[in-house]
Amino acid sequence: MPPSADSLPDSRPPQPQALLGLREAVAITVGLVIGAGIFKAPSLVAGMAGGSGWMFAAWALGGLMSLVGALCYAELATAYPHAGGDYHFLRRAWGHSVSFLFAWARFAVITTGSIALLGFVFGDYMQQLLPLGPNGPAWWAAAAIAALSWLNLRGLRSGAAAQTWLTAVEVGGLLLVVGAGLFLLGQGDGAALAPAPSPTADATAEGGAAPWSLSGFGLAMVFVLLTYGGWNEAAYISAEVKDRRRNMVRTLVLSIAVITALYLLVVWAYWHGLGLAGMARAQSIAADLLREAFGPAGGQLIAAIVAVAALTSMNATIIVGARTSFAVGRDWPLLSRLGRWDAARGTPPVALALQGAAALALVAVGAAAGSGFKAMVEFTAPVFWLFFLLTGLALFVLRRREPHAERPFRVPLYPLLPLLFCATCAYMLWSSLSYVYSQQLGGFNAAWIGVGVLLAGALWLPVLRAPAPDNEATPLRRDAHERA
């Protein structure tokens, strides 16, 4: 008799292993979300939301919407743990073509562009602390990308350990901003304590902000949810989290709770120290607040805080970003080198190296193009929300198509919460398209840029031909159940 399958040596290629505990997973997720946005977006939201109450409501609503989305992702990530994250969910629900277009858009602009822009944010603030000449920000950006890519090539444990420390420092920086607000409260200072305008005052009197409108509040939510963006990236480490049946849900819920609490505290500190008027006018809102509380030294403090925040998000983005390319390499034979996994280090080395090289190339482009490059990356919001919507709909498709699949966690109040998440994504897709319609880059608006990115990816599909057979999900899931 031939030997049984169980007695044969395991000839499968190396797969991601469960190396991350709850603390590391939360640190990666929080680090992905909390970036430089919280030091800029609150001033924009203050000018658009329509008043202090609406402003705080927008930030609380952003946390609630993110929690609803996180519950949907928790079901997908525990039922289908995979290093490909959204890519894997889209492939199972919509097929290889849609998932490849997502991976292409992610690699071509979204992930590598985010790494490059975070590098520039890091470089801009490091230039204030330690100037390196006229091109100092670009040199700092390139150095940070190269160093963090090398760190993660050494192994997942190295990258995750650095992420834990960076996140701790970043959260400490946000608490310093909150401390500035409390300091002003103790001193009896703070613009938010000024008398409220009379009922007969002009509608824009409260802080000089625009009066409430549906379009204004919708635009404010675009910036709020962009600042909350990144929690979904936790799905990319779902195959590498210990006891993922419980810890993936805990990771997502705990991360959103921590982030929402921190954001509300920071926004309160801004509002108390500067008032709605000062928030709406501020170009560097955190620097303004710390100068108000601590004098000129506050400018140096905030430069260090924002630099660490950018570095934290960059490291987390590098960790999760390469995993989409890894999943693509496992699916498409012509891209098989991307699918190499170093079992000893727990990393996809080729995908990491290619991602780092692409980000460095974008730094060079960004240094030459200046704000045009920044605008190009900001224009990816419609593409992001389109695929977010498709991932939310994938939950319904997979529930119907695979009713007997094991689901350690199920979204509560199904189908209401997933429908709310999908409706939110559709609304944000519409809002982001409305916002970027007036933005120009090379004579094209943002919608055309998004279409161009997707069409460029579609041109690759005939070249790549047929993908590999869908034979990897079952071993990954079997391994997951054996280790759980």
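Above: the structure in question.
Read on for an overview of the structure. (Residues numbered from 1 in each chain as written. Predicted model: local features only at pLDDT ≥ 70, side-chain atom pairs only at ≥ 80, totals over all residues. Heavy atoms only, no water.)

## So, the packing of helix H1 (residues 22-33) against helix H11 (residues 297-331)
Helix-helix packing: each pair is described by the crossing angle between the helix axes and the interaxial distance.
Item 1. Across the interface, H1 lies against H11 with an axial gap of 7 Å and an inter-helix angle of 115 degrees. The interaxial crossing formed by H1 with H11 has left-handed handedness. Here H1 contributes Ile28, Gly31 and Leu32 to the contact with H11, which in turn contributes Thr312, Ser313, Ala316, Thr317, Ile319 and Val320. (Axes fitted to C-alpha atoms, helices over the stretch in contact; angles between N-to-C directions. Helix = DSSP H or I, 4+ residues; strand = E, 2+ residues; numbered from the N terminus. Left-handed = near helix turned anticlockwise from the far one by under 90°. Contact = heavy atoms within 4.5 Å.)

## Description of the nonpolar core
Item 1. Core analysis: the biggest nonpolar cluster contains 86 residues, and Phe39, Met55, Trp59, Val177, Trp231, Tyr270 and Ile302 have the highest contact counts within it.
Item 2. A total of 14 residues in this core trace back to one element, the largest contributor, which is helix H9 (residues 244-281). (Core = buried A, V, L, I, M, F, W, Y, C linked by side-chain atoms within 4.5 Å. Buried < 20%, exposed > 50% of the residue type's maximum accessible area, 1.4 Å probe, protein only.)

## Some words on the packing of aromatic side chains
Item 1. Counted according to the given criterion, the structure contains 19 aromatic pairs.
Item 2. When the ring of Tyr73 is compared with that of Phe421, the centres are 6.4 Å apart and the planes differ by 90 degrees; the resulting orientation is edge-to-face. Taken as a pair, Tyr73 in helix H3 (residues 52-79) and Phe421 in helix H15 (residues 416-436) lie far apart in primary sequence, 348 residues in all.
Item 3. Given the relative accessible area of 1%, Tyr73 is considered buried.
Item 4. On the accessibility criterion, Phe421 (4% relative accessible area) is buried.
Item 5. Members of the aromatic cluster, each reached through a chain of ring pairs, are Tyr73, Phe89, Phe384, Trp385, Phe388 and Phe421.
Item 6. Sitting over the ring of Tyr414, Arg399 keeps its end group 3.8 Å from the ring centre. (Phe/Tyr/Trp six-rings, centres within 6.5 Å; stacked < 30°, edge-to-face > 60°. Lys NZ or Arg CZ within 6 Å of the ring centre and 35° of its normal.)

## Details of the pattern of salt bridges
Item 1. Tallied over the entire structure, the rule returns four salt bridges.
Item 2. Note that Arg407 and Glu75 form a salt bridge whose closest N and O atoms lie 3.3 Å from each other. With Arg407 in the loop between helix H14 (381-401) and H15 and Glu75 in helix H3, this pair connects stretches of sequence that are 332 residues apart. Per residue, the accessibility class of Arg407 equals that of Glu75, and both read buried.
Item 3. We note a salt bridge from Asp331 to Arg91, for which the minimum N-O separation is 2.9 Å. Remark: Arg91 occurs in helix H4 (residues 86-94) and Asp331 occurs in helix H11; sequence separation between them is 240 residues. A single burial state applies to Asp331 and to Arg91, both of which are buried.
Item 4. A single network of salt bridges, built from pairs that share partners, joins Glu75, Arg399 and Arg407. (Salt bridge = Lys/Arg side-chain N within 4 Å of Asp/Glu carboxyl O.)

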